[in-house]
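Okay, here's what each chain looks like letter by letter:
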Amino acid sequence: MARILTFQQAINEALDQEMGRDPSVILIGEDVAGGQGGDGEMDAWGGVLGVTKGLYGKYGDRVMDTPISESAFVGAAIGAATAGLRPVVELMFNDFLGVCFDQIFNQGAKFRYMFGGKATTPVVIRTMIGSGFRAAAQHSQSLYSIFTHIPGLKCVVPSNPYDAKGLLIEAIRDDDPVIFFEHKKLYAMEGDVPEESYTIPFGEAEIVREGDDVTIVTLAEMVHEAVKAADQLSAEGIECEVVDLRTTSPLDEETILECVTATGRVVVVDEANPRCSMATDIAALIAQHAFGALKAPIRMVTAPHTPVPFSDILEDLYKPNAEKIAAAVREVSEYQTWTQTTASRS
Amino acid sequence: MSLSKAELLDVYRVMKTIREFEERVHDEFAAGEIPGFVHLYAGEEASAAGICQHLTRDDFIASTHRGHGHCIAKGVDVFGMMAELFGRSSGVCRGKGGSMHIADLDLGMMGANGIVGGGPPLICGAALACKRAGKGNVAIAFVGDGGSNQGTTFESMNLAKIWNLPAIFVIEDNGYAEATSSKWSIGASSNAERARGFGLPAARVDGHDFFAVHKAAGEAISRARSGGGPTLLDCKLDRYYGHFEGDAQTYRGTDETKKLRIDKDCLKIFAERATASEELQQDELDAIDAEVVALIAEAIVQAKAAPKPMEDELLSDVYVSY
């Protein structure tokens with residue numbers, strides 16, 4: 001039965017249900033219980049934003065606080081996965097990948113290949129992404145493209161509570177290393193979430209809004225900005241289709257190409273920086289495989305090539321939003337090729 | 001902790017197998033038969049043998065760039081290893097890992113590691129799995145003097161301490177991290193001193209002496225098995241070859257390696273001790289020598305004759321499913 005849960009509650013419920021189902025699932029991370037060694041409550045924080053709150057009380061020493069030593073505890077989660085556990089490790093903000101990336105991309109991601117297929121590394125690394133919190137340059141990035149680049153990793157970027165639960169359960173049951181990106185601006189978002197356990201397969205994008213004129217391909221919080229833009233544009237007579245990627249590795253190339261082939265016009269929206277990003281990756285995919293169907297150049301709406309600024313006026317400028325998306329959609333919608341222009345004159 | 005005759009013979013066989021494997025790999029590399037980067041363990045055999053003599057296949061080890069010796073001591077098949085070094089499909093990693101990533105997870109050998117300091121966090125995880133399983137198994141990180149300066153090693157010692165893990169850190173200080181002397185690069189008086197700073201019991205061990213390593217390892221491992229937490233062993237030893245094959249070793253003193261082979265040969269030291277005590281006879285050791293020489297020669301013949309991986313291996317085993 002579905003109830004209204006927040007994105008944060010949906011993640012907590014997914015962890016709870018999987019820990020209840022499978023004793024090899026353990027949680028590791030900074031303050032995931034949150035009171036280790038102090039005189040107060042043991043279950044004080046449940047992670048820095050309270051996502052794992054309550055799980056220590058239920059599962060005890062399977063919820064393991066760590067020192068602030070990301071290399072050691074992310075590496076330990078990976079090592080434990082190869083040794084038979086199914087750890088879910090929290091890397092508080094994805095910006096902290098700089099202090100543990102070796103363990104993720106040189107160790108965990110490559111074991112199976114390097115070791116001739118003998119390694120299985122069922123680890124999930126949960127980590128927060130996203131700007132809009134006035135958290136500035138080192139706590140606001142969206143670095144999924146860096147992880148997506150690495151063979152051996154799977155990358156999940158949910159946009160709503162229903163997907164967050166189903167994709168996280170899928171991630172925990174998956175036998176490969178999965179990076180699970182949680183947009184911090186979505187934690188409070190509410191939505192229908194079934195009480196029972198369910199999974200959503202990786203590599204299946206969702207068409208969250210139908211429309212015949214322009215395809216918007218996007219992910220995470222930007223899905224909601226895209227839908228907002230699409231609603232505004234509908235009043236202007238432009239109907240947008242919005243594709244929520246849900247996972248960037250594997251990437252549902254088929255859905256992207258099918259949608260773009262049908263509309264011929266596409267805007268790719270990505271909150272991250274523009275160079276070597278999901279936006280450029282998807283633009284390249286379309287250019288390679290659907291060039292003939294395009295009626296207008298591919299447009300990308302992304303952050304600029306800058307760090308995330310602190311001051312609200314600057315951060316709001318930095319971040320893509322419905323207005324910027326709508327402007328890009330109008331542009332591709334109005335665009336006419338030379339042949340189209342000639343045809344309309346004759 | 002005295003060893004039976006059969007155990008002593010087994011130890012000698014392991015050390016001799018490592019030595020012969022490495023000497024022959026050196027020759028084959030020089031002849032241009034082995035591709036890539038190769039880092040040889042010859043000279044350090046007493047460390048791998050002294051530690052791994054205590055382990056079962058349910059215990060874990062993680063290794064360094066210089067991982068062949070650890071593999072052999074943990075029981076990895078030398079035919080599969082040699083084929084791996086030659087990049088053959090019959091290799092223990094099907095020709096996809098090579099010398100720097102040689103591993104056999106079926107035996108708890110979590111890999112040589114191309115990243116200096118890559119292993120210690122991983123064995124904290126393996127040790128956590130051992131602790132949760134409650135069967136008294138342990139996980140051991142071999143770390144070079146180079147890796148002993150990595151933050152991952154420091155972080156892992158601390159994590160192993162506060163989680164009270166059945167983990168052992170074995171620093172194999174062979175005098176040089178690449179070309180840089182450990183006397184210069186390690187600021188503390190020793191890695192044992194560093195470990196004590198993290199709250200770990202630690203011992204300095206003569207890594208040329210199998211019996212010294214075996215004794216210190218036995219204490220550390222039985223402590224770990226019974227819930228007493230992590231230990232660091234600081235093994236001072238020497239490598240006979242360069243950092244990698246092809247290293248002209250101009251950073252070493254004149255005749256340094258030549259003298260080491262005379263004064264610091266762990267096989268010779270072991271054989272002299274075991275024969276002087278009359279626990280083993282020289283002819284028994286000679287017989288092992290002959291068997292091992294033939295074994296490794298055959299491993300090379302078979303590796304050279306084995307097919308290279310099929311083209312479809314390029315794309316296999318990136319994921320379990322994708």
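Residues numbered from 1 in each chain as written. Chains lettered and ligands numbered in written order. Predicted model: local features only at pLDDT ≥ 70, side-chain atom pairs only at ≥ 80, totals over all residues. Heavy atoms only, no water.

Account for the overall build of chain A, naming residues and giving values.
When its secondary structure is counted, chain A shows 13 helices and 14 strands. The globule rule puts the C-alpha radius of gyration for 346 residues at 20 Å, and the 21 Å found for chain A is close to it. For chain A, the C-alpha atoms occupy an extent of roughly 80 × 45 × 40 Å along the three principal directions. Counting over 346 residues, chain A shows a buried share of 62%. With the model as given, the accessible surface of chain A reaches about 13,000 Å², and the carbon-plus-sulfur share is 53%. If the 27 positive side-chain charges of chain A are averaged to one point and the 50 negative ones to another, these points end up 3 Å apart. (Helix = DSSP H or I, 4+ residues; strand = E, 2+ residues; numbered from the N terminus. Rg over C-alpha atoms; globule rule 2.2 N^0.38 Å. Buried < 20%, exposed > 50% of the residue type's maximum accessible area, 1.4 Å probe, protein only. Areas by Shrake-Rupley, 256 points an atom, 1.4 Å probe, with all protein chains shown as cover. Lys, Arg positive; Asp, Glu negative; His and termini not counted. Charge placed at Lys NZ, Arg CZ, Asp CG, Glu CD.)

Outline helix α6 (residues 151–162) of chain B, supporting the account with residue identities and numerical values.
Residues and elements named next belong to chain B. Counted at 1.5 Å a residue, the expected span for α6 with its twelve residues is 16 Å, and the 17 Å between its end C-alpha atoms agrees. Three or more residues of α6 are buried, namely Thr152, Thr153, Ser156, Met157, Leu159 and Ala160. Phi turns positive, to about 50 degrees, at Asn164, one or two residues after α6. (Expected span 1.5 Å × (residues − 1).)

I'd like to hear about unusual backbone geometry, residue by residue, with values.
Residue and element names in this part refer to chain A. Here the bond from Ser249 into Pro250 is cis, since omega is 0 degrees, no more than 30 degrees from zero. By the element assignment, Pro250 lies in the loop between β12 (247–249) and α9 (253–263). Positive phi is not limited to glycine here, since Ala220 has a value of about 55 degrees. The exposure class of Ala220 is buried, given its relative accessible area of 3%.

Before we move on, can you summarise the side chain of Thr231 of chain B with the specific residues and values?
All names here are of chain B. Within the fold, Thr231 resides in strand β7 (residues 231–236). Separated by 3.0 Å, the side chains of Thr231 and Arg223 make a polar contact. Excluding residues that lie within four positions of it along the chain, Thr231 makes contacts with Ala167, Ile168, Phe169, Leu200, Pro201, Ala220 and Arg223. (Polar contact = N/O pair within 3.5 Å; in protein donor to acceptor, adjacent residues only side chain to side chain. Contact = heavy atoms within 4.5 Å.)

Quick one: what's the story with the packing of helix α2 (residues 45–52) of chain B against helix α9 (residues 210–225) of chain B, residue by residue and with numbers?
Residues and elements named next belong to chain B. The N-to-C vectors of α2 and α9 enclose an angle of 35 degrees; their axes lie 8 Å apart at closest approach. α2 and α9 meet at a crossing whose hand is right-handed. Here α2 contributes Ala46, Ser47, Ala49, Gly50 and Ile51 to the contact with α9, which in turn contributes Phe210, Val213, His214, Ala217 and Ile221. (Axes fitted to C-alpha atoms, helices over the stretch in contact; angles between N-to-C directions. Left-handed = near helix turned anticlockwise from the far one by under 90°.)

Requested: an account of the interface of chain A and chain B, with residues and values cited.
With 45 residues of chain A at the interface, the matching set in chain B holds 41 residues. Summed over both sides, the interface between chain A and chain B buries roughly 3,400 Å², with carbon and sulfur atoms accounting for 64% of that surface. In terms of surface lost to chain B, no three residues of chain A exceed Tyr113, Phe115 and Lys118 of chain A, which account for 21% of the buried area on that side. At the junction of chain A with chain B, the criterion picks out four salt bridges. Taking the shortest distance from any N to any O, the salt bridge between Asp106 of chain B and Lys118 of chain A comes out at 3.4 Å. Linking chain A to chain B there are 19 residue pairs in polar contact (both at pLDDT 80 or more). For the side of chain A that touches chain B, the elements supplying multiple residues, two or more each, are β2 (25–29), β3 (63–65), α3 (70–82), α4 (101–108) and α5 (111–114) of chain A. (Buried area = accessible area lost by both parts, 1.4 Å probe. Salt bridge = Lys/Arg side-chain N within 4 Å of Asp/Glu carboxyl O.)

Tell me about a nonpolar patch on the surface, and name the residues and values.
All names here are of chain A. A cluster of nonpolar side chains, Ile313, Leu314 and Leu317, forms an exposed patch at the surface whose accessible area comes to about 320 Å². Positionally, Leu317 belongs in helix α11 (residues 312–318). For Leu317, a relative accessible area of 59% gives the class exposed. (Patch = residues over 30% accessible without salt bridge, like charges linked within 9 Å, V, L, I, M, F, W, Y side chains within 5 Å.)

Give me the lowdown on the packing of helix α8 (residues 222–235) of chain A against helix α12 (residues 322–334) of chain A, citing residues and values where you can.
Residues and elements named next belong to chain A. Taken N-terminus to C-terminus, the directions of α8 and α12 make an angle of 55 degrees; their axes are 8 Å apart at the nearest point. Between α8 and α12, the crossing angle belongs to the class labelled oblique. By crossing handedness, the relation of α8 to α12 is classed as right-handed. Touching Glu225, Ala226, Lys228, Ala229, Gln232 and Leu233 of α8 are Ala322, Glu323, Ile325, Ala326, Val329 and Arg330, all from α12. When the residues that make up the contact of α8 with α12 are grouped by side-chain class, the tally is seven nonpolar, one polar and four charged. (Parallel < 35°, antiparallel > 145°, perpendicular 65-115°, else oblique. Nonpolar A, V, L, I, M, F, W, Y, C, P; charged D, E, K, R; others polar.)

Bear in mind that shape data such as this cannot, by itself, settle questions of function.
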